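Listed below, chain by chain, are the residues.
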Amino acid sequence: MRSERILPGTRWFRVLFPLASTLALLAFSTANADENAPADSQPNESASLDPSDWENTGFLKLEEFCLDCHNADYQEAEVDLTLLSTAEKIRDNSELAMHSISMIRFGAMPPEDSAIPTVEERRELADQLDDLVYHATCDLTPKPGRVTARRLNRAEYNRAIRDLFGTDLRPADQFPSDEVGGGFDNNADVLSLSTMLMEKYLKAGESVATAVIVDPATLPSIKKTFADLTLHTIGDAELASFGEWFIRGDGMVWVEVDVPVEGEYSFDVRGGTNLRRSELQQSKEEDEPKQKEKSKKKDDKSEKKDEQDVDDKVNRCVMVHDETGRLIEILDFNYQEKSGPTDGESFRVMLKPGKHRFFFSPTETWVDELPKPEDRKDPWRIGESVSKRVQGFTDEELAKTVLPADEKIEINRRISSKEFNFKFKTVSVDGPSSHTRKDLPKTQKQLITRMARQRGDRWEDVQKAAKINLEPLMRRAFRREVTDEEVKRYASLVEAATDRQESFYVGMQQAITAILCSPSFLFRIELPETDKARELAAAGEAVPLSSTQLASRMSFFLWSSIPDDALLKAAKQNALVDEPKRVEQVRRMLSDPKSNSLGEQFASQWFGLGNLNARDMSAFGGNEEGPSITVEDLAAETQTLFDHVLKNNLPVTELLTADYTFVNEALADWYGVELPNPKETHKLQKVSLADAGRSGILGHAGVLTLTSYPTRNSPVLRGKWILENILGTPPPEAPPNVPELEETRAASANATLREQLELHRADPGCASCHRVMDALGFGLETMDHLGRLRPPSDPSVAEANGELPGGRAFRGAMELSEMLAETETRRFADTTVRRLLSFAIGRELRPADRCFVEAILNDAEADGFRLRDLVEGVINSPPFLSTSVPTS
């Protein structure tokens, strides 16, 4: 953090402003001689462009006030202003010229112990030099600048994985932190690729691949056969020579299955009936004396049918119930010789995890053809009694039917077919089936739309199936159309895996890992795609980006992620080179929730909200009553306001003047406001700040906290933050030998913070910077170091006032915000456009980029610099739509 220091009384012009920020610097400290005049920075169109005017007037003033310290022989801070003596030299040294304009307008130079130009002289000098710089670059054909091939940063990688697979895995959280360039972590010049990061990419690719596709063979399953002692019987039963259980018609067979996961399980039941229809009829007739009344009611028509039946072998039904008594299936048991082979009957059933019991009970009903599966709902109502019987079984009763594993069972070779006429040999359970099991990732069905066929240990049609699966994934991952040859290379990885006796699923995992480690996924590389583009590149001209390349730029700018199918479709149709169609896509994308990334990524980095992560809220005191406030709450408030202004296309100054904000319960309690919907306390809700003594981002607790020390406010830090992020005018860093505020001599024993800071301005070398910076910071003294409103009786509230050059006085944060919004409108819009453009194209701005920034501002000025208009202006600007390609 910047310390509040007293600067020594020496010439201290030591540190150059960062280039990107100085380009945005405008007349602030002296350009507002009229208190109602806005401090705009457009080139003076009325000024003469005759180079001799500069040499005969402007440079003479520069020589009078600046060249004593900044000449060829004595280059204070390594600055030689004789390089600006002519218009031609200014064109060749535009960065130095812009830096000088910044220092003149800000009032940092010359120091107050030197000859000081008047307000009018300072304004004329800065305007004349600014006019020459602008026309030196913009009267020519400015080139858009080159963007280094850049890799995805951590946020982009995480979001790309989320949008590729539809699951938020966040593998990049394990990557090293990204470097920051020009205020943003998507700056191509600092996104290097180390060996360690490449290893992280490989591990991340493997972890993602195994998360989105799972080989079912590696998951819990059942493949079990119940026979002999594990096939339990209820009622009288006999075990035959070949391991079959013969049971009576009123008996049952049951098994208990421990299901590991929800899915569809296949049951195969081996058994049959060894009783002919005539034997069954004879058995019934022999029992007639015992069931005389029942026999009298017998239908003559049914008896006649039995006598006329040609085929004496019949099928008989076996009902399958679960432990609840629910009828699962009705099986068709065929007639079989007692010693003959057993046929199988199969059925499938969806089961949930846990132990399940299945009861197989014969019936006395015989049919020549079972009902169709959709009609098998106990059509004869023969299962009702069985269902009640099953429901009545207790665990103790069933336990008695389970034979010990070492039980010796006597084999019966003379089993009566009439008495024991149903036989069960085995009950096999297999499952769950791979397409129904519920423990597979949802992404599996999306990624594997075509399965290779497995025959034994061999897989067939692997290449064909893999190409069908991989082509749509590669198209989205690489953000472009892919060739058959490209797809074939990755499909060959799947085939190679199956050739090694690995499964098709493992092969798909390996192919996905390779895709995620490909430069086509990890890097955004913009090379000429057509012969015409290559000719322009060879000639050193700007190269228009293709629709496909624009799709990537647009999606990573607005979403910090890959293009969706709609955007890729528009790119394939070459629609994005047409401005109306491009704007249509931009508005569609901004209406998508994914555009919240502009708040989460762009706005957070613009306003420095990431620095809140290093803050320990407990060190700041904290809220003694109600829910605790978190760093995430503080950042989310500002991000959501930015998103609201963007989605509703409000003027960018709404960020300063909004009399509302977005809070959850913790922030509402912090600000002393009530939530509209108390039932949704964790959601951010729009609340009015009309009577809360704050407005816009300068009233946000997050901004006020990150610009304070743990125990007190810092007008210097707050003023510096406003200069940098609202006005685009970062002040120079203080020299390293300046003491901290606490080490300085206090004005008196009870000196206020304002009185102590007056010592800064007591030294001429300090006054020029701190005069403006401190005034801005004191405007926020109505709120403490945690962003809470101070009571009117607090002495600091009385000091919450200031005056800026041009006689613009204000009292308190509300008036400061309004004053900045009214008098610094274009400057704030200028700062916004510069930050947006730098974030959008992934590089710091150059002097020539000023031409494009001015064009965007001029187009948006009539409607009040609305935020969405500025975003669209950036996307429609030459630096966004084209690039320069190095010729060697």
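Criteria and thresholds
Residues numbered from 1 in each chain as written. Predicted model: local features only at pLDDT ≥ 70, side-chain atom pairs only at ≥ 80, totals over all residues. Heavy atoms only, no water. Helix = DSSP H or I, 4+ residues; strand = E, 2+ residues; numbered from the N terminus. Buried < 20%, exposed > 50% of the residue type's maximum accessible area, 1.4 Å probe, protein only. Contact = heavy atoms within 4.5 Å. Salt bridge = Lys/Arg side-chain N within 4 Å of Asp/Glu carboxyl O. Axes fitted to C-alpha atoms, helices over the stretch in contact; angles between N-to-C directions. Parallel < 35°, antiparallel > 145°, perpendicular 65-115°, else oblique. Core = buried A, V, L, I, M, F, W, Y, C linked by side-chain atoms within 4.5 Å. Expected span 1.5 Å × (residues − 1). Arc of directions from axis to C-beta. Phe/Tyr/Trp six-rings, centres within 6.5 Å; stacked < 30°, edge-to-face > 60°. Lys NZ or Arg CZ within 6 Å of the ring centre and 35° of its normal. Pairing = 2+ DSSP bridges. Left-handed = near helix turned anticlockwise from the far one by under 90°. Nonpolar A, V, L, I, M, F, W, Y, C, P; charged D, E, K, R; others polar. pLDDT = per-residue confidence, 0-100.

1. Focus on the overall build of the chain
In step 1: Tallying secondary structure elements over the chain gives 35 helices and 21 strands in all.
In step 2: The 888 residues of the chain split such that 55% are buried.
In step 3: Sequence separation of 24 or more characterises 75% of the internal contacts of the chain that already satisfy a separation of 6 or more.

2. Remarks on the pattern of salt bridges
In step 1: One pass over the full model with this rule turns up 44 salt bridges.
In step 2: Arg348 serves as the salt-bridge partner of Glu264, at 3.7 Å between the closest nitrogen and oxygen. Highlighted residues: Glu264 in strand β7 (residues 263-273) and Arg348 in strand β10 (residues 343-351), separated in sequence by 84 residues.
In step 3: A salt bridge links Glu824 to Arg808, with the nearest nitrogen and oxygen atoms 2.6 Å apart. Taken together, the residues Glu824 in the loop between α31 (812-823) and α32 (825-841) and Arg808 in strand β20 (residues 808-811) connect sequence positions 16 residues apart.
In step 4: Salt bridges here are not isolated pairs; linked through shared partners, they connect Asp130, Arg826, Arg850, Glu854 and Glu861.

3. Thoughts on the packing of helix α20 (residues 565-572) against helix α21 (residues 579-590)
In step 1: Where α20 meets α21, the closest approach of the two axes is 11 Å, and the angle between their N-to-C directions is 175°. Classified by the angle their axes make, α20 and α21 are roughly antiparallel. Between α20 and α21, the residues in contact are Ala566, Leu567 and Ala570 and Gln585, Arg588 and Met589, respectively.

4. With respect to the nonpolar core
In step 1: Residues Phe557, Leu558 and Ile722 are the most contacted members of the largest nonpolar core, which totals 98 residues.
In step 2: Ranked by the residues each element gives to this core, the list is headed by α32, at eight residues.
In step 3: If we ignore the near neighbours within four places in the chain, the residues touching Leu558 are Val586, Met589, Leu590, Lys594, Ser595, Ser597, Leu598, Val871 and Ile875.

5. What about α21?
In step 1: When the terminal C-alpha atoms of α21 are compared, their 16 Å separation across 12 residues agrees well with the 16 Å that a helix rising 1.5 Å per residue should span.
In step 2: Among the residues making up α21, those that are buried are Arg582, Val583, Gln585, Val586, Met589 and Leu590. Projected down its long axis, α21 carries its buried residues within an arc of 160°, all on one side. Looking at α21, the residues exposed on the side facing more than 90 degrees away from the buried face are Pro580 and Glu584.

6. Regarding the packing of aromatic side chains
In step 1: The final tally for this structure, using the stated rule, is 23 aromatic pairs.
In step 2: On the basis of an interplanar angle of 20° and a centroid distance of 6.0 Å, the ring pair of Trp254 and Phe359 is categorised as stacked. Of the two residues, Trp254 is situated in strand β6 (residues 252-259) and Phe359 in strand β11 (residues 354-367); the sequence distance between them amounts to 105 residues. Across the pair, exposure class does not vary: Trp254 and Phe359 are buried alike.
In step 3: Measuring from ring centre to ring centre gives 4.3 Å for Trp606 and Phe607, while their planes differ by 25°; the resulting arrangement is stacked. For the pair formed by Trp606 and Phe607, the shared burial category is buried.
In step 4: Linked through ring pairs, Phe184, Phe557, Phe602, Trp606, Phe607, Phe642, Trp721, Phe828, Phe839 and Phe880 together constitute an aromatic cluster.
In step 5: The ring of Trp559 carries the charged tip of Lys594 above its face, separated from the ring centre by 3.9 Å.

7. Section: the pairing of strand β17 (residues 660-663)
In step 1: Across the two faces of β17 the burial is the same, with Tyr660 and Phe662 and Thr661 and Val663 all buried.
In step 2: Pairing of β17 with strand β18 (residues 685-688) involves four bridges; the strand directions are antiparallel. From the neighbouring strand, Thr661 faces β18, where its bridge partner is Val687.

8. Here's the deal with the packing of helix α22 (residues 597-606) against α32
In step 1: In the contact formed by α22 and α32, the axes pass within 11 Å of each other and the chain directions differ by 120°. Classified by the interaxial angle, the pair formed by α22 and α32 is oblique. Note that α22 runs across α32; the crossing there is right-handed. Residues Leu598, Gln601, Phe602, Gln605 and Trp606 of α22 form the contact with α32, whose own contacting residues are Phe828, Thr831, Thr832, Arg835, Leu836 and Phe839.
In step 2: The residue inventory of the contact of α22 with α32, partitioned by class, reads six nonpolar, four polar and one charged.

9. Brief notes about unusual backbone geometry
In step 1: Residue Pro432 follows Gly431 across a cis peptide bond; omega there is 0°.
In step 2: Here Pro432 is to be found in the loop between β12 (422-431) and α13 (443-447).
In step 3: Positive phi outside glycine occurs at Asp228, with the angle close to 55°.
In step 4: With respect to the helices and strands, the residue Asp228 is situated in the loop between β2 (222-226) and β3 (232-234).

10. Section: the environment of Leu493
In step 1: As for its position among the elements, Leu493 is in helix α15 (residues 484-499).
In step 2: Looking at Leu493, the relative accessible area reads 34%, which means it is partly exposed.
In step 3: Sequence spacing of Leu493 and Ile512 is 19 residues, and the spatial spacing of their C-alpha atoms is 9.6 Å.
In step 4: Not counting residues up to four positions away in its chain, the partners in contact with Leu493 are Gln510, Ala511 and Ala514.

11. Considerations on helix α33 (residues 849-861)
In step 1: Across its 13 residues, α33 extends 18 Å between first and last C-alpha, which sits within 8% of the 18 Å expected from 1.5 Å per residue.
In step 2: What α33 keeps buried is the set Asp849, Arg850, Cys851, Phe852, Val853, Glu854, Ile856, Leu857 and Ala860.

12. Here we look at the environment of Thr548
In step 1: By the secondary structure assignment, Thr548 is in helix α19 (residues 547-558).
In step 2: The residues contacting Thr548, other than those within four sequence positions of it, are Arg479, Arg480 and Ala571.

13. Let's talk about the side chain of Arg476
In step 1: Considering the arrangement of structural elements, one finds Arg476 in helix α14 (residues 462-477).
In step 2: By relative accessible area, which is 15% here, Arg476 ends up buried.
In step 3: Residue contacts for Arg476: discarding those within four places in its chain leaves Asp163, Leu164, Ile562, Pro563, Asp564, Asp565 and Leu568.

14. Here we look at the confidence of the model for the chain
In step 1: For the chain, per-residue confidence averages 82 on the pLDDT scale, and residues scoring 70 or more make up 79% of the total.
In step 2: When the criterion is pLDDT under 50, residues 1-42 qualifies, and its contacts beyond four places in sequence or with other chains add up to 162 contacts.
In step 3: Long-range and interchain partners of residues 743-747, a stretch whose pLDDT sits below 50, account for five contacts in this model, where long-range means more than four residues apart.

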